[in-house]
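Inside the fold
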2 protein chains.
Amino acid sequence: MSISKKSDQTELDALRHSAAHLLAAAVLELWPDTKNTIGPAIANGFYYDFEFQHPISENDLPLIENKMRELIATWDEFKREEVDLKKAKEIYHDNQYKLELIEQFSSEGKTLTLFHSGKFTDLCRGGHISKPNKELKYFKLLSLAGAYWRGNEKNTMLTRIYGTAFFSQKELDEYLNKLEEAKKRDHRKIGQDQELFFFDPLVGKGLPIWLPKGTIIKNEIEKLAIKFENEYGYQRISTPHLAKEELYLTSGHLPYYQDSMYPAMVMDDGTYYLKAMNCPHHHIIFKSKPRSYRDLPIRLAEYGTVYRNELSGTLAGLLRVRSLQMNDAHIYCRKDQIKDEVKKVITLNLELFKIFGLKNFWFRLSKWDPNHKEKYVDEPTNWEDCQNILREVLAENKLDFIEVDDEAAFYGPKIDVQFESVIGREETMSTIQLDFVAKTKFNLSYTDNQGKENNEIFVIHRAPLSTHERFMAFLIEHYAGTWPVWLSPIQVAIISVGKEHHNFCQQLAEEFKKTNIRVEVDDANETVGNKIRKASHNKIPYILVIGDKEMKSEELAVRVRGQEKLLKIRKKEFIDHVLKEVNDHQ
Amino acid sequence: MSISKKSDQTELDALRHSAAHLLAAAVLELWPDTKNTIGPAIANGFYYDFEFQHPISENDLPLIENKMRELIATWDEFKREEVDLKKAKEIYHDNQYKLELIEQFSSEGKTLTLFHSGKFTDLCRGGHISKPNKELKYFKLLSLAGAYWRGNEKNTMLTRIYGTAFFSQKELDEYLNKLEEAKKRDHRKIGQDQELFFFDPLVGKGLPIWLPKGTIIKNEIEKLAIKFENEYGYQRISTPHLAKEELYLTSGHLPYYQDSMYPAMVMDDGTYYLKAMNCPHHHIIFKSKPRSYRDLPIRLAEYGTVYRNELSGTLAGLLRVRSLQMNDAHIYCRKDQIKDEVKKVITLNLELFKIFGLKNFWFRLSKWDPNHKEKYVDEPTNWEDCQNILREVLAENKLDFIEVDDEAAFYGPKIDVQFESVIGREETMSTIQLDFVAKTKFNLSYTDNQGKENNEIFVIHRAPLSTHERFMAFLIEHYAGTWPVWLSPIQVAIISVGKEHHNFCQQLAEEFKKTNIRVEVDDANETVGNKIRKASHNKIPYILVIGDKEMKSEELAVRVRGQEKLLKIRKKEFIDHVLKEVNDHQ
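Now for a description of the structure that goes with this document. Starting from 1, residues in each chain are numbered consecutively following that chain's sequence as written. Lettering for chains starts from A, numbering for ligands starts from 1, and both go in the order in which the items are written. With the structure being a predicted model, the display of local features is reserved for residues of pLDDT at least 70 and the display and counting of side-chain atom pairs for 80 or more, all residues being used for whole-chain, interface and lining totals. Based on all heavy atoms of the structure, the side-chain values leave hydrogens and waters out of the count.

Residue and element names in this part refer to chain B. Of the strand pairs in this sheet, strand β5 (residues 112-117) and strand β6 (residues 120-123) are connected by four bridges, and their pairing is antiparallel. The residue bridging L114 from the neighbouring strand is L123, located in β6. By this definition, two strands are paired if DSSP reports at least two bridges between them. Helix and strand assignments follow DSSP, with helices taken as H or I runs no shorter than four residues and strands as E runs no shorter than two, numbered in order from the N terminus. Following β5, the chain reverses through two residues before pairing antiparallel with β6; G118 in that reversal takes a positive phi of roughly 55°.

Next up, the structure:
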């Protein structure tokens, strides 16, 4: 359980928000004509957004940081002062951003408060450390970015300065090391370096183009998911990427979700949308024929592509894209089947995680809040029963989980699987969501064992491997580009010493190909050393150098990734060895 | 070669167009207030479009046909008469359709001609048989349909009557038998009956939804294509379903092809379109890194989905859809590699056709016309050289082919593979197209063996298995729903005699599943006879009935599709037998 982390987080947030004040103070000392706006704590640090009157660059960060260290000595407290609207407006008469906040807070009936520290004052709601000059020592400014005022692209573009702060040098160092590691593992960098995917301005933002090597990995992951889903009794389906607006009016995605959907396309027979989710299509398949209690559960699976209209400025590598291939499935079952189905979904998840060597994860059970009934579908018994079922499954399987109130979806409680990535980022990778709304919206039903039509169909939405895009980003970081053999786009590199060895290399490659080993011959007119360096840089698991000696030998001399010593092995045994690794997902 | 068919066709067209006159004459005799419009010969018959003043139904067709037989006795010729605009307008003063045609022909400077036969007269350009009362005997009216005047959905919806005619009773009977057969093999009927796919009004027209059984077949076909493409050195890629308008302006699809594309979607960073073809995306991948002469040919393959904005009224089952998954690939090569590459593509095609038992096909080489240079890219040497290469490949491989002038694409000559379906419909299933325009439009190039940048990149577009949608429609008809074992959604049906045999059936099914045999247990509370009939109706290749005797026996008693006698076989042998069939694509 990670509850203990939570209280630390409140203190860390106070430290970091205090650091944001200090950052603003330093900037205003250095460039008094700057307009400061807001500076919150965020997941791993803090930021402050400014309107600078002259452009600054990352080169200015050390200067600002030095000024921060100079000023902090004089900050012995954050002194709170309540002010009235008039005074607040006077103080910020030349800062339209603060004026806008003052008007808003005032109209919402909030008390306006200032916080004074040293010679610096900021309009702020509070949440600071009590002894800044004692506690605020271990901080660092990290980067610059553009950010629209209040996140709205119609507003002025401000300059955001990011930083972080900790209570000890050790923690700060650890975090900075993780950032260094993150840079090395950056999925965009490795993706480009290994020729996995790219983006092209003619094709457009947020639309990854998968190159041959990336497609191999993507297809292997998909094959794995399909293999498991077959074993677990899922049926595969294939649905169009579009639907009429009537479908999304039925599902309720329109009009509520419209902003996240691609723009409408008006055709001669109605208005069409690219799908932003697969569920409505799957419900249509469930409804396509009468279902009996004996048919349930029905598990419909599809690596369906969905489309989200994200603002172009927010798109980032594979982590935020506009076209997502989901490892999606929907399970239609009776209430008495929920427990068993959720258990199976979790088992399937755990089996997949094991294959990818994923260990740092925990479960989060998101529940409704009976005090905020307006946010949730009005089926109190189903809420309580289903939450109990989910809790039981987690507890009986001795899984590490936390419970959070008022975080469920409108349609039912859910279990998210939270991962801590190798670089310390927490993210939701998998999700298992119960849905009691679909049955009503789509009028789903089955004939029960009394021969009666029964509307109590529960839908489980599940996606163990997230989207291809997110999961690939995660895996690239996770493996730092050193793919296990079964995922390696090239498993064996064959390097010819001279021209006279080309044919032999090609023959050898053909032999490997016939066993489905992915092999690449490098017969370029370069030195052997150079060719080995290239193959090593590309992290190819096995390298064979073929010269006169090797052509005559009974054994192959294999350079194994990460090992110094050559492996001497007969060809047949080597092939069996590689195939076994692939089969075992190693 | 099918050139001889062609002259027959001209005579058949004259016969059928004459039959259309006769149809109009009969309709006007029966309902004089009807407005007749046009009545051409078409591929397998003829039609005439009418505006009826009262609705008619298929039940009226025998009545019309009888009237036709009555009238034809009085038709000894088609007498031609030239008329001036004024007279023509007088004759048709109460028929706005004919008036529209008269105005149009007149404005185009065409001679206005009437054809008289018996008491009937029609405005017509000619093309009739000379002795209608002798030759026009073997005809039949077939069906009714709605059709917009001049095919434009903004115009009035007319009633179209379809019919056919032949020169002998035998040919007519043969054709009507083929139609009967076609009805039995109708891919929409079998698709629904076998639960392969369906359309749903909420999802929209022309967007097939693949059910589990249809998805199995579709995936098996895709797996086969991928297996072959892997063997032939294709690299798989995966590209987004969208692109910015800039891509299609570069490719030239915009504005020329815009009407066939889905409507534009305006996003915050530009205008996007659903892709109507995969080539531009593939060219972008080719361009994504420098290419050397040693890298060529590069073969990029993708079962890419493309989208066409067809009018909703023209959509028909899987044969005309709005979303198409193409068995697509693009080969980038030097001129000296074209011959070998085209040869390999054809070999790949033939190997695939053989697996599906496709025999009635021939090749069509479509060439440019040097007299119509304005229709073709201006590279005369490439046209002549490439046409010669294509002809050589066809001739050297002793393939049945015809050559047609002035039928090439703008960008280069092509080879289409024409199929005659089991019900006699001719269609283009596969295509191999050379393209010398892409290199210019996308500025494709490679570094040649002199180290120089060379722009002479030839692109081969190829799609042996057409689109999934067309190919599935074709195969459903081809097999009449009796899928070979490797494609059968269910390969083995296990039928339990009583409740006490359910567990044994399930265990047996699990054993089969582990070997990847697709199996379904029918343990419904029905008679064995009924369950066998269901499985036979679903054309399941193997049926096992499990009762007391079978549970004790060392051997399985297998009902083999299409065979009377039970096959007695040990389980292990049976599994091996099925797996061998799957492996051999039987």
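Picking up after the structure, the text goes on.
What makes two residues a contact is simply this: any of their non-hydrogen atoms within 4.5 Å. Each side of the interface is counted separately: chain B has 53 residues, and chain A has 53 residues. The contact between chain B and chain A buries some 4,400 Å² in all, and 65% of this surface belongs to carbon and sulfur atoms. Considering only the surface of chain B that becomes buried against chain A, L202(B), S238(B) and M267(B) emerge as the three largest contributors, covering 13% of it. Salt bridges are defined by distance alone: a side-chain nitrogen of Lys or Arg within 4 Å of a carboxyl oxygen of Asp or Glu. Our count for the chain B to chain A interface comes out at eight salt bridges. Pairs of N or O atoms are called polar contacts if they sit within 3.5 Å, as long as, within protein, a hydrogen donor faces a hydrogen acceptor (for residues adjacent in sequence, only side-chain-to-side-chain pairs). Linking chain B with chain A are 29 residue pairs in polar contact (both at pLDDT 80 or more), by the criterion used here. The residue makeup of the side of chain B that touches chain A, split by class, is 28 nonpolar, twelve polar and 13 charged. Buried area is a sum: the accessible area each of two parts loses on coming together, probed at 1.4 Å, counted once for each and added. As a working rule, the residues Ala, Val, Leu, Ile, Met, Phe, Trp, Tyr, Cys and Pro are called nonpolar, Asp, Glu, Lys and Arg charged, and the rest polar, with Gly in that last group.

Position of K218(B) among the secondary structure elements: in helix α8 (residues 212-231). Working definition: with a 1.4 Å probe on protein chains only, accessible area under 20% of the residue-type maximum means buried, over 50% means exposed, and in between means partly exposed. For K218(B), a relative accessible area of 3% puts it in the buried group. Apart from residues no more than four positions distant in its own chain, K218(B) is found in contact with S238(A), W210(B), Q325(B), H468(B) and M472(B). A distance of 2.9 Å separates polar atoms of two side chains, one belonging to K218(B) and the other to Q325(B).

The next point concerns the relation of the copies chain B and chain A. Overlay of chain B on chain A (RMSD 0.3 Å): rotation 179°, translation along the axis 0.1 Å. The operation mapping one copy onto its partner corresponds to a two-fold rotation axis. The rotation axis passes nearest to the C-alpha of M265(B) in chain B, at a distance of 3.5 Å. Both copies present the same face, since 100% of the interface residues in chain B are matched by interface residues at the equivalent positions in chain A. All copies are superposed by least squares; the fitting set is the C-alpha atoms of residues with a pLDDT of at least 70 in both.

It is worth stressing that arrangement in space is one thing and function is another; only the former is reported here.
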